[in-house]
4 protein chains.
Amino acid sequence: MIIVMQPHASEAEINRVVEKITGLGLKVHLSEGRYRTIIGVIGDKKIINGLPVEVLPGVEKVVSVTESYKLVGREFKHEDSVIDVGGVPVGGDGLVVMAGPCAVESREQLLESAEAVKAGGAQFLRGGAYKPRTSPYSFQGLEEKGLEMLAEAREKTGLKIVTEVVDIQSVPVVCAYADVVQVGARNMQNFQLLKAVGKAGKPVLLKRGIAATINEWLNAAEYVMNEGNYSVIMCERGIRTFENFTRNTLDLSAVAAVKSVSHLPVIVDPSHGTGVWKLVRPMSRAAVAAGADGLMIEVHPNPAEALSDGKQSLTPENFAGLMREVAGIANLMGRRMA
Amino acid sequence: MIIVMQPHASEAEINRVVEKITGLGLKVHLSEGRYRTIIGVIGDKKIINGLPVEVLPGVEKVVSVTESYKLVGREFKHEDSVIDVGGVPVGGDGLVVMAGPCAVESREQLLESAEAVKAGGAQFLRGGAYKPRTSPYSFQGLEEKGLEMLAEAREKTGLKIVTEVVDIQSVPVVCAYADVVQVGARNMQNFQLLKAVGKAGKPVLLKRGIAATINEWLNAAEYVMNEGNYSVIMCERGIRTFENFTRNTLDLSAVAAVKSVSHLPVIVDPSHGTGVWKLVRPMSRAAVAAGADGLMIEVHPNPAEALSDGKQSLTPENFAGLMREVAGIANLMGRRMA
Amino acid sequence: MIIVMQPHASEAEINRVVEKITGLGLKVHLSEGRYRTIIGVIGDKKIINGLPVEVLPGVEKVVSVTESYKLVGREFKHEDSVIDVGGVPVGGDGLVVMAGPCAVESREQLLESAEAVKAGGAQFLRGGAYKPRTSPYSFQGLEEKGLEMLAEAREKTGLKIVTEVVDIQSVPVVCAYADVVQVGARNMQNFQLLKAVGKAGKPVLLKRGIAATINEWLNAAEYVMNEGNYSVIMCERGIRTFENFTRNTLDLSAVAAVKSVSHLPVIVDPSHGTGVWKLVRPMSRAAVAAGADGLMIEVHPNPAEALSDGKQSLTPENFAGLMREVAGIANLMGRRMA
Amino acid sequence: MIIVMQPHASEAEINRVVEKITGLGLKVHLSEGRYRTIIGVIGDKKIINGLPVEVLPGVEKVVSVTESYKLVGREFKHEDSVIDVGGVPVGGDGLVVMAGPCAVESREQLLESAEAVKAGGAQFLRGGAYKPRTSPYSFQGLEEKGLEMLAEAREKTGLKIVTEVVDIQSVPVVCAYADVVQVGARNMQNFQLLKAVGKAGKPVLLKRGIAATINEWLNAAEYVMNEGNYSVIMCERGIRTFENFTRNTLDLSAVAAVKSVSHLPVIVDPSHGTGVWKLVRPMSRAAVAAGADGLMIEVHPNPAEALSDGKQSLTPENFAGLMREVAGIANLMGRRMA
């Protein structure tokens, strides 16, 4: 932390700041310029990040130098992490594809979707059994019945299952069925849920919050890792901006940005990221070209009948076409597809 | 819902849309213009809001006509709601002030704060015992010990207690101590928590999410009311924008906007809304002038020692000054202060 | 400027940064911590702000300490500026109201509007003769004919005229008619226009850009003042966010924020700021309570017939009601109204 | 335009709306539902888009059905436009690369840059002679001297020149030197400038405004085309959001979005779009994979000495590496590179 004093801060003001800091067992580095004094703070991150020195008289500006996360950072682990999901690696030189309907609606719909995404080349089946919905009157999911259907689809196809958990109570039941537990965008800062999935130990897919900075997103991953669960997959899914042509603004620069500071794998969800099925294919290609470790794609056997997000779902035919295009880019990027 | 067909949509395409809608038991109104056909959908909101007709061939645009909420709306209840908190009304012609530290840090700090805000004229003591924090290494709150201190402060001062609940498990314990249960910005779309506080029955203070639209915020309130709990107080606390002079952008137009469509009372938190203590006083005046039913203000006996958000906390002296200024505006607005 | 080196920056890297800076005639202050070195840069702002040291090896972060503006700042002039507009002061202890139609549409419409706003208590008539419009097919204004009508309205009512200039060529003709020349939100970073109105010498009303930070807005004012024209009135008119209940998000905290760092007067335009006529009255009260030096309000004798922005215009009756309410707040704030 | 009346709108209110519309020579289509009446408006776009019916009693909502642009749309011209720049096509099955320094700083810097980008495979040299800068004290460009240097570089390398024009006065001189005239992000809604470059007839590169919606951006292009100049190249360069890891948020979905509704070619500027040189390479690959017709890249022989935007500039070596990677993606996308 660097504290920039005001141009005419008095010696007493400077001393008070210094005393406050050293009183907490931290060290200071004083740099007295002609016009202003700058105070560097050295010591334990935990204490430093909580210091409210902005309110002390004579202080103009406080600048944070170090990030507040640790385990997610490249300083903690330099090489890329590869998350093992029951034998399927996420990260590294492979490219994973997670596909399926937004919500599990029925046994038929799910099995049909599973066959289609398997045929297209996906390794994971996605599908929500618990759905967070803006309105209490929208379809909220089939809950445990939906999980059972997912398990049956896994049985039939060999696909791994990724599905969302929306509260602490259902962490055990979701973990009992899922191969990867998803924390959704609305729950990215539901810290109790992050701790719970951290303790549960299953691989976690952590979606970026709807208006979360990259730094907040990394800190959310830190909550999971801080409980001893190092299997975290980051998922960019668009951020909220003023643009309304798309449902969200898919921030592909976040892929390279996260990878520049963290060792965790990053996948991209262009279905929620754009909300427009016609844009899913070009943005899937772009995501892989940007360096993503995988894709999460909404596929529905009949988008016009979908109970949620039909507008952004691909038909099996479109998905197959997408996979062919993505394979070319993956190959160029030196990535294997299953 | 209104469905705008493409200029050259075929009769078959139009028929398919109509069949899909009527097949669900809904009615249609066809308006065939020279260039395009427009289809109005009439019937049960729940079914209509889930229709994914955008993906049907020939459809250009789908426009939602009705809002998805019901109980929070003026159509459901025309006159303003007044929430009774153990004898203290929120809404109506009074103006409530909730003040206190961001976090409960110690018995001394809390009691000192409570005396100060009581002296200043507040009716509620605010203070977090459970703190949602971006980093897992920041101070997370005193939990039940903090709740006990809040109860002691209530005992000593007669102030009502408003405090945050961050997960379902702690709903019972927080409700056992609090007069008003706060759902924070990060949990505004934690729908399980909304349902839980809805069932608990205590008055709920619902903060606007960090990037929530007014419509989403009202739907979140609908989740609480849909469980039978009609005592919901809305709290504007700033939204996330590109501006970084302030921590958030306090959206005071949301006060009048919510009141134009909903009967629920709205209060304003200029401390989180600006993040800068010098702006709290002018924005408190502005909030009351905009029609707010109350204020939530961070006050700390010693902001420079605060374990969280010291930068935006007022000293007791500053708070007393704020209350004097606000009283003048409240009076003009025809509102009584305690 | 403060340069934070990476934890393991080499001596050679540090030396290279130092040499680069000192080679430009600037001075450095070295603060060598246990883990990192921090380099403070001292000297001419103009040179410092242009330094691209982020790209030098070993540099982690560069922090700007001083703002790039000078003349608009409180360090340059401590007391509040009062802009004299032909005898009407803007700033200080008065409150000015600028009102009128969005666009000058006809002689009758304008004169009727002028009488109405005069009767309501405004000192300025606003009205656009040159209109920047998103679509080339929308009404673009009456141009010089519109200016002549504004002059006639001034003649008849004694109101001062504020009207927008949209390009350099028309600066002379607009200045020939206007008392205050407005630079609109879309032109806030049209730097050639800023220089031209700076040279023209007439008082300038500078609207905040649609997505401009407070810092960029102040720098835009600096462009005007740097040409020798110190008569600049800042006008907050809402910023672009994700919220779509309102046309823009009116950022009232910007009023107090600008005043905390600058001596310039700040007025508020709640008509464009909200885009909804029902919100104009509460937000006008709020603006004055927040400390604004004035208001800019759209008034139209017949909003339903307006060629532009009828949705946000007040009728003369509504305007008169607004003025009564605002007068009460102004009085409380210690401000005189004409 | 569709007008949704309130549930209990009276017949008189409905009639008034209908009369207002038909009085302007437009036609209406009435759809009387059980709960509400919906009025469709048919006729001349120019008149319809200006109708302020929201303020009429009984009106709940007004929905625009058609876009306000015409010439930029696929309805006007179905097949992709290819812009001819002195024999170099932009759009179609080629991929163009425009590269060079942010600003022309000196003859040596520019010629060295030109040789480097030529060697790397670019067809266009970019470089600003007129620089719009936030602060009046930052380097503002070499103006006509800079244009002369650009012409000399073209002479020496055969590269086409793209350079920015910042005001109407300099349109003639910039057109005299440039092959493509750039309108920058800050001037995207400087409508007089758009008209001026429309009249000048040179190919125009139109950057997206810093907070412009795709719809506003297309309307800005319409201003140019409406003057008879159909040679418009759209350039996505990032939008302003809350995220601050990057300078802007590069919106690659805008590439496919624009192409879905418009025939104009779209290129991408990942240098301004991210502001971080390390992200330029992955985002260049992603842009081409998303379907962009070209790239605009900042290259500087010595980024650490650059007078503007050094932080986001590539060295010639990095640029050469980028070009090799991009070539692979371009090839996959069926695009030729020069």
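Every value quoted in this text rests on a predicted model; they were computed, and no experiment measured them. (Residues numbered from 1 in each chain as written. Chains lettered and ligands numbered in written order. Predicted model: local features only at pLDDT ≥ 70, side-chain atom pairs only at ≥ 80, totals over all residues. Heavy atoms only, no water.)

### What to know about the overall build of chain A
When its secondary structure is counted, chain A shows 11 helices and 15 strands. Its C-alpha atoms give chain A principal-axis dimensions of about 75 × 40 × 40 Å. Expressed as a percentage of the 338 residues in chain A, the buried residues total 64%. Pairs at least 24 apart in sequence give 67% of the contacts found in chain A among residues at least 6 apart. Element-wise, carbon and sulfur atoms account for 49% of the exposed surface of chain A, whose accessible area totals about 11,300 Å². In chain A, 37 side chains carry a positive charge and 38 a negative one; their mean positions are 1 Å apart. (Helix = DSSP H or I, 4+ residues; strand = E, 2+ residues; numbered from the N terminus. Buried < 20%, exposed > 50% of the residue type's maximum accessible area, 1.4 Å probe, protein only. Contact = heavy atoms within 4.5 Å. Areas by Shrake-Rupley, 256 points an atom, 1.4 Å probe, with all protein chains shown as cover. Lys, Arg positive; Asp, Glu negative; His and termini not counted. Charge placed at Lys NZ, Arg CZ, Asp CG, Glu CD.)

### Describing the relation of the copies chain A and chain B
Screw-axis analysis of chain A against chain B gives a translation of 0.0 Å along the axis, an RMSD of 0.0 Å, and a rotation angle of 180 degrees. Accordingly, the operation relating the two chain copies is best matched by a two-fold axis. Residue Ala-211 of chain A of chain A places its C-alpha closer to the rotation axis than any other residue of that unit, at 3.0 Å. Taken together, the interface assignments show that 100% of the residues at the interface of chain A recur at the interface of chain B, consistent with an identical surface on both copies. (Least-squares fit on C-alpha atoms with pLDDT ≥ 70 in both.)

### Quick notes on helix α10 (residues 277–290) of chain A
Think of an α-helix as turning once every 3.6 residues; residues three or four places apart then point the same way. Residue and element names in this part refer to chain A. Under the 1.5 Å per step criterion, the end-to-end length of α10 is 20 Å for 14 residues, consistent within 8% with the ideal 20 Å. Within α10, the axis deviates most sharply at Met-283, by approximately 25 degrees. Burial analysis of α10 places 11 of its 14 residues in the buried class, the great majority of the element. Every buried residue belonging to α10 is among Leu-279, Val-280, Pro-282, Met-283, Ser-284, Arg-285, Ala-286, Ala-287, Val-288, Ala-289 and Ala-290, and all of these are buried. Once α10 finishes, Gly-291 follows within two positions and takes phi at roughly 110 degrees, a positive value. (Expected span 1.5 Å × (residues − 1). Bend = angle between axes of the 7 residues up to and from the residue.)

### With respect to the nonpolar core
Residues Leu-252 of chain B together with Leu-252 of chain C are the most contacted members of the largest nonpolar core, which totals 164 residues. With residues up to four places along the chain from it excluded, the contact list for Leu-252 of chain C reads Leu-252, Met-283 and Ala-286 of chain B together with Val-268, Met-283, Ala-286, Ala-287 and Ala-290 of chain C. (Core = buried A, V, L, I, M, F, W, Y, C linked by side-chain atoms within 4.5 Å.)

### Considerations on the state of the cysteines
Think of a disulfide as a covalent bridge from one cysteine sulfur atom to another cysteine sulfur atom. Under the defined criterion, the tally for this structure stands at zero disulfides over all chains. Cysteine Cys-175 of chain A remains unbridged, with the sulfur of Cys-235 of chain A as its closest cysteine sulfur at 18 Å. Accessibility expressed as a relative area gives 13% for Cys-175 of chain A, which makes it buried. Free of any disulfide, Cys-102 of chain B has its nearest cysteine sulfur in Cys-235 of chain B, 13 Å distant. (Disulfide = S-S within 2.5 Å.)

### A few points about the sheet that holds strand β1 (residues 2–5) of chain C
All names here are of chain C. Ordered in space as β2-β3-β1-β4, the four strands form an open sheet in which the pairing is antiparallel. In the strand order of this sheet, the two ends are held by β2 (27–32) and β4 (59–63), each with one partner. Neighbour-to-neighbour, the strand axes of the sheet open up by a mean angle of 20 degrees, direction not taken into account. The strands touched by helix α1 (residues 11–22) are β1, β2, β3 (37–42) and β4; relative to β3, the strand with the most contacts, the crossing angle is about 5 degrees. (Pairing = 2+ DSSP bridges. Axes fitted to C-alpha atoms, helices over the stretch in contact; angles between N-to-C directions.)

### Things to note about the domain arrangement of chain A
Along its sequence, chain A is carved into domain 1 (2–63) and domain 2 (83–337). Taking the mean C-alpha position of each, domain 1 of chain A and domain 2 of chain A sit 44 Å from one another. (Domains from an automatic or database assignment.)

### Let's talk about the interface of chain A and chain B
Residue-level contacts link 47 residues of chain A with 47 residues of chain B. Counting each side, the surface lost to burial between chain A and chain B is near 4,100 Å², with a carbon and sulfur contribution of 53%. Linking chain A with chain B are two salt bridges, by the criterion used here. Residue Glu-216 of chain A is joined to Arg-240 of chain B by a salt bridge in which the shortest nitrogen-to-oxygen separation is 2.6 Å. The tally of links between chain A and chain B comes to 15 residue pairs in polar contact (both at pLDDT 80 or more). Secondary-structure elements contributing two or more residues to the side of chain A that touches chain B are α1 (11–22), α6 (191–200) and α7 (214–225) of chain A. In terms of residue count, the dominant contributor to the side of chain A that touches chain B is α7 of chain A (four residues). Grouping the constituent residues of the side of chain A that touches chain B by class yields 19 nonpolar, 14 polar and 14 charged. (Buried area = accessible area lost by both parts, 1.4 Å probe. Salt bridge = Lys/Arg side-chain N within 4 Å of Asp/Glu carboxyl O. Polar contact = N/O pair within 3.5 Å; in protein donor to acceptor, adjacent residues only side chain to side chain. Nonpolar A, V, L, I, M, F, W, Y, C, P; charged D, E, K, R; others polar.)

### Side note on the side chain of Thr-274 of chain B
In this fold, Thr-274 of chain B is placed in helix α9 (residues 270–274). Judged by relative accessible area, Thr-274 of chain B falls into the buried class, the value being 0%. Sequence-distant contacts of Thr-274 of chain B, defined by excluding residues within four places in its chain, comprise Thr-246, Arg-247, Asn-248, Leu-279, Val-280 and Met-283 of chain B together with Ser-253 of chain C.

### Description of the pattern of salt bridges
Between side chains of opposite charge, pairing is possible as soon as their charged atoms come close. Throughout the structure, instances matching the rule amount to 60 salt bridges over all chains. Asp-179 of chain A serves as the salt-bridge partner of Arg-154 of chain A, at 2.9 Å between the closest nitrogen and oxygen. Residue Arg-154 of chain A is located in helix α4 (residues 144–157), and its partner Asp-179 of chain A is located in the loop between α5 (171–177) and β10 (180–183); the two are separated by 25 residues in the primary sequence. Between Glu-152 of chain B and Arg-107 of chain B there is a salt bridge, with its nearest N and O atoms 2.5 Å apart. Taken together, the residues span a long stretch of sequence, with Glu-152 of chain B in helix α4 (residues 144–157) and Arg-107 of chain B in helix α3 (residues 107–120) at a distance of 45 residues.

### Some details on the packing of aromatic side chains
Overall, the coordinates contain eight aromatic pairs over all chains when judged by the stated rule. With a centroid separation of 6.2 Å and 75 degrees between ring planes, the pair formed by Phe-76 of chain B and Tyr-230 of chain B is classed as edge-to-face. Within this pair, whereas Phe-76 of chain B is found in the loop between β4 (59–63) and β5 (83–85), its partner Tyr-230 of chain B is found in the loop between α7 (214–225) and β12 (232–236), the two being separated by 154 residues in sequence. The class for Phe-76 of chain B is partly exposed, based on a relative accessible area of 41%. Lying over the aromatic face of Tyr-137 of chain B, Lys-70 of chain A brings its terminal NZ or CZ to 5.4 Å of the ring centre. (Phe/Tyr/Trp six-rings, centres within 6.5 Å; stacked < 30°, edge-to-face > 60°. Lys NZ or Arg CZ within 6 Å of the ring centre and 35° of its normal.)

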